[in-house]
2 protein chains.
Amino acid sequence: MAQLDRSLIAGSPTFAGMPPEALDEILAQASALRLPKGEAAFRQGEPAERFFLLLHGRLRVTRLNPQGQQMVARFIAPGDMFGVAMAIQVEAYPGTATAAVDSLALAWPNAVWSALLARHPSLAVKTMQSLGARLQDSQKRILDLSTQQVEQRIAGAVLQLAQQAGRKTEDGLLIDFPLSRQDLAEMIGTTLHTVSRTFSAWEAIGLVECGRQRVVVRDRAGLQKIAKKQD
Amino acid sequence: MAQLDRSLIAGSPTFAGMPPEALDEILAQASALRLPKGEAAFRQGEPAERFFLLLHGRLRVTRLNPQGQQMVARFIAPGDMFGVAMAIQVEAYPGTATAAVDSLALAWPNAVWSALLARHPSLAVKTMQSLGARLQDSQKRILDLSTQQVEQRIAGAVLQLAQQAGRKTEDGLLIDFPLSRQDLAEMIGTTLHTVSRTFSAWEAIGLVECGRQRVVVRDRAGLQKIAKKQD
DNA sequence: TCGCGACTTTGCGCGAAGACAAACAATCGG
DNA sequence: CCGATTGTTTGTCTTCGCGCAAAGTCGCGA
C-alpha cells in the first residue's frame, strides 16, 4: 500500500495534538478505502470489524427499522470518525454508511482500537466528546420531532446542513453535496412530497433556491425565523 | 458526613471490577444527596458543576425547547451515572433531572472527573459505553418518531419501561414508579389525551391495567404485537 | 373528614400532512 | 442523440391525532 502521510489525520479533531510519531504509528495500521458515489463503507447488521476516518467526501448514514422504513441518521464530514461500534460495545453496525459523493476514508481493524486506547488515553476522551456531541444532537432531534411542525423541522435541518457543509456562492450558501428531497424527508421524518411543497413555497418568496439534489440558502435569517417560530 | 460504604458503588456498572481501595478513594470524594420526590438534582441551563450516581429511587430527565414545550428525555435507574456533562465538554446541564420518587444519589464535584479519568482508564471506557448505549437508544427513538404511528410508539415505550422498571405482581408487570399520562405523552411526542384514549382502549381488551400514575402490563405479547405491526 | 388540586377521561371538530396518482424534468449510459 | 431511470412537482382526497372543552375521580393535606 502507498505510504500515507501523517497530515491526513493530523487535521482530524480525534488525533489533533498527538505527537508526530504517534500519528505515524497509527497511520501504519490503517488502510485506505476508496468509496465511489453510492458505495457503502459498511451496511446495517454487518459484523463491525473495522472503524474509519473520513478523509474526503461525504457519507450518508441510514437506518432501517424492522418494518423496512428508512431514515437518515447523519451525514459524515471529512475528519469525522465513523463506524466506531466497538467503542460502544456493539457487535454489528447499527446503520449503513453510503458515499453521497466520491469519498476517501481510512480503515483500521477493530483489534487496533483497544491498543490505541491503552497507548493514547486522549483518544478515549476525544471519542467520548464526539459521542457526547452526537448524543446532544440526537436529543435535539427527538425534541424537534416531538414538538415542532414539519416546516420548522425542514428549516432547522437545512440550516444545520448549511452550517455543516455550506459553501459560499454568489447566490447564497450552497449545501455542498447532492441532497435529494427524499434525503431531507428521511432526516426529519416526513415525506418527500411535503418537503417538495415546502421548498416550492420557500423558493417563491426567495428564501432558498433549489434544483435537483441541490439546495442554496438565500435568506438565512428568514429560515431561522421559520425554524424558531411557534405559531 | 457519614461514612459511605463501598458496596454503594460497587454494584454500578461504571465502577464494577475496580479494586476496593479505588472504590474507597472515589467514595471519599463524594457527597450524598437526598432528593425527595419532586426535587431536582440539577436544572436545565445551570452550570454543570457536579456529576452524579443514582443509588436509590428514580429520576425523570426533561428537556425544554426554546418555545417552552417539554419532553421526557429518559428515566434514570439506580446504578446509572447522570449529569456527566463535563465528560462531553458541555458547560451547562442540557436537561432537568427531577426525582419521580424519593431518591438518593451521590455527587462529585466536576474537578474530580479528570483526576478519576487519569487514574482509572477503565472509567473512560465504561463512560463511553454508557454514552454509546444512550446514543443507540436516542437513535432508535428518532427512528420510531419518524416512522411509527402513535399507538405503536406508546406500546414501545410501555414495554421499554416495563423491562427497565417492571416488578412482577399477581396481575402482571407493574411499572414501579409513578408515571402519568403526561409523562408518557412527553416521552413519545404526543398529547396526554391520545395516551389516555389509547390506554382506555387497551384496558378494555385486557392488554393493560392502569390507574392514577400507574401502569400494569397484563399481556406483554399483545403489546409487542402492536409495537411491531405495520398496518 | 372534607375540600381542593392534580390527574384522567371523553366528546367533538378541524387541520396538517400523509397516501395516492400522474405528469414532468434532468441526467446518464448506450 | 435518445430512451430509461431517477428525482421532482403538483393536485386531490383522506385521516390521524391534536386542540379545545368540560366533566369526572382519586388522593393528599389540612
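Since we're looking at a predicted model, the values are computed, not measured.

**Student:** Please set out the pattern of salt bridges residue by residue, giving values where relevant.
**Tutor:** Oppositely charged side chains can pair when the atoms bearing their charge come close. Residues and elements named next belong to chain A. Under the counting rule described, the total for this entry stands at 14 salt bridges over all chains. A salt bridge links Asp24 to Arg6; the nearest nitrogen and oxygen atoms lie 2.7 Å apart. With Asp24 in helix α2 (residues 20-28) and Arg6 in the segment before α1 (7-10), this residue pair connects regions lying 18 residues apart in the sequence. Of the residues examined, Asp24 reaches a relative accessible area of 31% and is grouped as partly exposed. Exposure remark for Arg6: the relative accessible area of 36% places this residue in the partly exposed category. Between Arg167 and Asp176 there is a salt bridge, with its nearest N and O atoms 3.1 Å apart. Of the residues examined, Arg167 reaches a relative accessible area of 41% and is grouped as partly exposed.

**Student:** How would you explain the nonpolar core if you had to name every residue and give the values?
**Tutor:** Formed by 56 residues in total, the largest nonpolar core has its most connected members in Phe15, Phe51, Leu106 and Trp108 of chain A together with Phe15, Leu106 and Trp108 of chain B. Here Leu106 of chain B is in contact with Leu4, Ile9, Leu27, Ala30, Ser31, Ala32, Phe51, Phe52, Leu53 and Leu55 of chain B, once residues within four sequence places are set aside.

**Student:** Describe in detail the pairing of strand β8 (residues 103-109) of chain B, supporting the description with residues and values.
**Tutor:** Residues and elements named next belong to chain B. Burial of β8 is extensive: five of the seven residues sit out of reach of the surface. Looking at chain direction, strand β1 (residues 31-35) and β8 are connected through five bridges and run antiparallel. Bridge assignment links Leu33 to a residue of β8, and that residue is Ala105. By the bridge criterion, six bridges tie strand β3 (residues 50-56) to β8 in an arrangement that is antiparallel.

**Student:** Outline unusual backbone geometry, supporting the account with residue identities and numerical values.
**Tutor:** Located in the positive-phi region is Gln213 of chain A, a residue other than glycine, with phi close to 50°. Inspection of the secondary structure puts Gln213 of chain A in the loop between β9 (208-211) and β10 (214-217). Residue classification places Gln213 of chain A among the partly exposed residues on the basis of a relative accessible area of 36%. One non-glycine residue with positive phi stands out, namely Gln89 of chain B, at about 60°. Structurally, Gln89 of chain B can be placed in the loop between β6 (81-82) and β7 (96-99).

**Student:** Outline the protein's contact with DNA strand C, listing residues and values.
**Tutor:** Taken together, 17 residues form the shell around DNA strand C, and within it Val150 and Thr190 of chain A together with Ser196, Ser200 and Arg212 of chain B come nearest. Taking the atoms of DNA strand C that fall within 4 Å of the protein, sugar and phosphate contribute 58% of them. Between a phosphate oxygen of DNA strand C and a main-chain N or O atom of Val150 of chain A, the distance comes to 2.9 Å. Where the surface near DNA strand C is concerned, the elements lending two or more residues are α7 (192-204) of chain A together with α7 (192-204) of chain B.

**Student:** Requested: an account of the protein's contact with DNA strand D, with residues and values cited.
**Tutor:** As a structural note, the neighbourhood of DNA strand D is formed by 17 residues, with Ser196, Ser200 and Arg212 of chain A together with Thr190 and Thr194 of chain B the closest of them. Across the atoms of DNA strand D situated within 4 Å of the protein, the share located in sugar and phosphate is 58%. Between DNA strand D and the protein, one listed contact pairs a base oxygen with a side-chain N or O atom of His193 of chain A at 3.1 Å. Mapped by element, the contributors of at least two residues to the surface near DNA strand D are α7 of chain A together with α7 of chain B. It is α7 of chain A that provides the largest number of residues to the surface near DNA strand D, a total of five residues. Residues that form the surface near DNA strand D fall into these classes: two nonpolar, ten polar and five charged.

**Student:** Break down the environment of Glu25 of chain B for me, with residues and values.
**Tutor:** Residue and element names in this part refer to chain B. For Glu25, the position within the fold is in helix α2 (residues 20-28). C-alpha of Glu25 to C-alpha of Leu174: the two residues are 149 residues apart in sequence and 38 Å apart in space. Those residues in contact with Glu25, other than ones at most four positions away along the chain, are Arg119 and His120.

**Student:** An account of the confidence of the model for chain A is requested, with residue identities and associated values reported.
**Tutor:** Caution applies to low-pLDDT regions: their predicted coordinates should not be interpreted in detail. Confidence along chain A averages 91 in pLDDT terms, with 98% of residues attaining 70 or more. When the elements of chain A are averaged for pLDDT, α1 of chain A gives the smallest value, 84, and strand β5 (residues 81-82) of chain A the largest, 96.

Thresholds, definitions, all that
- Residues numbered from 1 in each chain as written.
- Chains lettered and ligands numbered in written order.
- Predicted model: local features only at pLDDT ≥ 70, side-chain atom pairs only at ≥ 80, totals over all residues.
- Heavy atoms only, no water.
- Salt bridge = Lys/Arg side-chain N within 4 Å of Asp/Glu carboxyl O.
- Helix = DSSP H or I, 4+ residues; strand = E, 2+ residues; numbered from the N terminus.
- Buried < 20%, exposed > 50% of the residue type's maximum accessible area, 1.4 Å probe, protein only.
- Core = buried A, V, L, I, M, F, W, Y, C linked by side-chain atoms within 4.5 Å.
- Contact = heavy atoms within 4.5 Å.
- Pairing = 2+ DSSP bridges.
- Near = heavy atom within 4 Å.
- Polar contact = N/O pair within 3.5 Å; in protein donor to acceptor, adjacent residues only side chain to side chain.
- Nonpolar A, V, L, I, M, F, W, Y, C, P; charged D, E, K, R; others polar.
- pLDDT = per-residue confidence, 0-100.

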